[in-house]
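Structure at a glance
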Amino acid sequence: MRTNTIIDSPYGPLTLVAQDGALAGIYMDRQRHLPPQESFGEPDPAAFGPVIDQLTRYFAGELRHFDLPMSLQGTDFQRSVWELLLEIPYGETATYGELAQRLGNPSAARAVGLANGKNPISIIVPCHRVIGSTGNLTGYGGGLAKKRQLLDFERGRDQLTAW
């Protein structure tokens, strides 16, 4: 059973989706690879208290590690990439090539990038912490401006507007 709610954030509205009590999605407004809205289930804001609390603390600069039950749904390869994203420390970055090497397949940087782009739980599964091999920011489902803002915030260079 899927449920959803929409909350405000420094990035605009975030759609939270849960499946059987576990977080299954956080989607930004006009996000690339946004699933059809009818797949989000019934509205139920009461189901998202811990998620909202932890996101509030994150955006206030008080939380660096999320502790929530998640339901990451994708291929085995996608899930392996998303699990690696969870290992990138707050305020730090990794390249697509580094993640491919950690997976034991150094030539899979492009596939890592594709999997990264389909991450269903933005912010909490920190796909924004992955950059190009030259150190440049590359694609982000929520847009490069939001990726830069998240990275600057985590590095202490920018304060997010209270929400």
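Structure: see above.
Residues numbered from 1 in each chain as written. Predicted model: local features only at pLDDT ≥ 70, side-chain atom pairs only at ≥ 80, totals over all residues. Heavy atoms only, no water.

**As for helix H2 (residues 76-85)**
When H2 is considered as a whole, its buried residues turn out to be Gln78, Val81, Trp82, Leu84 and Leu85. Along the long axis of H2, the arc covered by the buried residues comes to 155 degrees, so they all point the same way. In this structure, the buried residues of H2 make contact with helix H3 (96-102), helix H4 (109-117) and strand S6 (130-131). (Buried < 20%, exposed > 50% of the residue type's maximum accessible area, 1.4 Å probe, protein only. Helix = DSSP H or I, 4+ residues; strand = E, 2+ residues; numbered from the N terminus. Arc of directions from axis to C-beta. Contact = heavy atoms within 4.5 Å.)

**Thoughts on the side chain of Asn119**
Examined against the element boundaries, Asn119 turns out to sit in the loop between H4 and S6. Given a relative accessible area of 3%, Asn119 falls into the buried group. For Asn119, the side chain forms a polar contact with the main-chain nitrogen of Ile121, separated by 3.0 Å. Of the polar contacts made by the side chain of Asn119, one reaches the backbone oxygen of Val125; its length is 2.7 Å. (Polar contact = N/O pair within 3.5 Å; in protein donor to acceptor, adjacent residues only side chain to side chain.)

**With respect to the pattern of salt bridges**
One pass over the full model with this rule turns up 3 salt bridges. As a salt-bridge pair, Asp76 and Arg79 come within 2.5 Å of each other at their nearest N and O atoms. Remark: Arg79 and Asp76 occur in helix H2; sequence separation between them is 3 residues, near one turn of the helix. The closest approach of N and O atoms between Glu154 and Arg129, which form a salt bridge, is 2.8 Å. Here Glu154 is found in helix H5 (residues 144-154), whereas its partner Arg129 is found in the loop between H4 and S6, with 25 residues between them in sequence. Judged by relative accessible area, Arg129 falls into the buried class, the value being 5%. (Salt bridge = Lys/Arg side-chain N within 4 Å of Asp/Glu carboxyl O.)

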